[in-house]
Amino acid sequence: MKILIIGATGNAGSNAIKALKAKGVKPTAAVRDIEKAKAQLGEGVDYAYFDYLDKSTYDAALEGVNKLFFIAPPPKKDPAIARELMQAVQKAGVDFVLFQSGGTSGTYKGKPLYEIEQDLKNSDANVCIIRPAWYMQNFHTWLGTTLEDDEICLPTGKAKVAYFDLKDLGIAIAEILTTDGHVGKIYSLTGSKAIDFDEVAAAIGKASSRNVQYRDMTNEGYVNKMVEKGWSAEAAKYCIWLYDRVKAGSEEEVTDDYKTIVGSEPTSFAEFAMREFGKKQAITVS
Ligand SMILES: NC(=O)c1ccc[n+]([C@@H]2O[C@H](COP(=O)([O-])OP(=O)(O)OC[C@H]3O[C@@H](n4cnc5c(N)ncnc54)[C@H](OP(=O)(O)O)[C@@H]3O)[C@@H](O)[C@H]2O)c1
């Protein structure tokens, strides 16, 4: 059984590789820099050269593949590139395709993830779609830009999000790729509770023994703050659409899809915060 992972060095892919290895499966990582990927992903993985932006790499990477996991083509998630990939996938006779979409963009007409989902639903391939909720780990990156000041500054009001742990995402992907019964399914992978940003600040504050506060911002105030933090105004403005959607409830739904697939409860935000922010505090103190 040959399982190919596109985006293998990224958030979803690297956690899927880890979970597949833990199950005793040797996945193949489809990557544009094999040496860099080997340094990150290590032993127990095969490697294939693949560059989304160079379709002459598709056929060789897909040769002999039974099951494929892929994310939308970076950096712009261009549906036309995803369509070219799917043509090569069908030509190669891949038995099963798992696509990572998203809850906010995958359900919003006109957005690239929505378009790719439609193309997959209309294709003859055996497809499964996952829509993970916002990663908990986003607080290490874009959602956590102001955490260094013990603040979470976002224009998100009282929005609630059913954050999902990347570790659980890897486990769910590995399970779907190694078991049957997933063709035609769309799984919304969420945590077991939707929480607001005050609750996020409290959980991170408790884990790291700091007084972390959530500051609700205006859109303009947010853009100015991010520019102050070194972002481009364009990048900050891009996020405003996401925050508007999240305020409208796009990430609020809680499902039991993770439990259905894996058989256990997803990680809670408090557990995640203790694991990843508690450890950081311990390192800082010592
Ligand atoms: N952030 C969230 O909370 C969230 C939630 C749900 C869904 N999503 C969706 O998840 C998707 C992103 O997945 P992710 O977070 O796993 O991605 P990611 O961490 O940003 O990683 C991107 C991956 O794509 C690879 N890549 C970049 N350019 C490539 C190219 N030209 N050819 C081949 N590979 C290339 C990168 O490899 P290199 O090592 O070579 O750079 C990396 O492995 C997006 O569609 C996003 O909307 C995100």
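A quick note: this is a predicted structure, and the numbers were derived from the prediction, not measured.

Definitions and limits used
- Residues numbered from 1 in each chain as written.
- Predicted model: local features only at pLDDT ≥ 70, side-chain atom pairs only at ≥ 80, totals over all residues.
- Axes fitted to C-alpha atoms, helices over the stretch in contact; angles between N-to-C directions.
- Helix = DSSP H or I, 4+ residues; strand = E, 2+ residues; numbered from the N terminus.
- Left-handed = near helix turned anticlockwise from the far one by under 90°.
- Contact = placed C-beta atoms within 7 Å.
- Nonpolar A, V, L, I, M, F, W, Y, C, P; charged D, E, K, R; others polar.
- Pairing = 2+ DSSP bridges.
- Near = placed C-beta within 6 Å.
- Domains from an automatic or database assignment.
- Expected span 1.5 Å × (residues − 1).
- Buried ≥ 20, exposed ≤ 12 C-beta atoms within 10 Å, placed from the backbone.
- Arc of directions from axis to C-beta.

## Things to note about the packing of helix H1 (residues 11–22) against helix H6 (residues 166–178)
When two helices pack together, their arrangement is given by the angle between the helix axes and the distance between those axes.
Move 1: Packing of H1 against H6 brings their axes to within 7 Å, and their N-to-C directions diverge by 60°. Pair H1 / H6 crosses with right-handed handedness. Residues Asn11, Ala12, Asn15, Ala16, Lys18, Ala19 and Leu20 of H1 form the contact with H6, whose own contacting residues are Leu166, Lys167, Leu169, Gly170, Ile171, Ile173, Ala174 and Leu177.
Move 2: Its residues assigned to classes, the contact of H1 with H6 comprises 10 nonpolar, 3 polar and 2 charged.

## A closer look at the sheet that holds strand E2 (residues 28–31)
Move 1: Strand order in this open sheet of 7 strands is E3-E2-E1-E4-E5-E6-E9, and the pairing throughout is parallel. Of all the strands in the sheet, just strand E3 (46–49) and strand E9 (186–189) have a single pairing partner and so form its edges. On average, each strand axis in the sheet is inclined to that of its neighbour by 20°, with strand direction left out of account.
Move 2: The pairing of strand E1 (residues 3–6) with E2 spans 3 bridges and is parallel. Each bridged residue has a counterpart across the sheet, and for Leu4 the counterpart in E2 is Thr28.

## Quick look at the site of the ligand
Move 1: Around the ligand there are 26 residues in total, and Thr9, Gly10, Asn11, Ala12 and Gly102 lie nearest to it.
Move 2: Ranked by the residues each element gives to the shell around the ligand, the list is headed by H1, at 3 residues.
Move 3: A per-class count over the shell around the ligand returns 13 nonpolar, 9 polar and 4 charged.

## Remarks on the domain arrangement of the protein
Move 1: You can read the domains of the protein as domain 1 (3–132) and domain 2 (135–163 + 191–251 + 263–286).
Move 2: Between domain 1 and domain 2, the C-alpha centre-to-centre distance is 28 Å.
Move 3: A class-by-class count of the residues in the side of domain 1 that touches domain 2 yields 2 nonpolar, 3 polar and no charged.

## Structural notes on H6
Move 1: Here H6 contains 13 residues, and its C-alpha end-to-end distance of 18 Å stays within 8% of the 18 Å for a straight helix at 1.5 Å per residue.
Move 2: Counting buried positions over the 13 residues of H6 gives 10, a clear majority of the element.
Move 3: Along H6, the positions that sit buried rather than exposed are Leu166, Asp168, Leu169, Gly170, Ile171, Ala172, Ile173, Ala174, Ile176 and Leu177.

## What to know about helix H8 (residues 219–228)
Move 1: Looking at H8, one finds that the buried residues are Tyr222, Val223, Lys225 and Met226. Seen end-on, H8 carries its buried residues on one side only, within an arc spanning 165°. Exposed and facing more than 90 degrees away from the buried side of H8 are Glu220 and Glu228.
Move 2: Those residues of H8 hidden inside the fold are in contact with strand E7 (151–154) and helix H9 (233–247).
Move 3: Two residues or fewer after H8 comes Gly230, characterised by a positive phi angle close to 100°.

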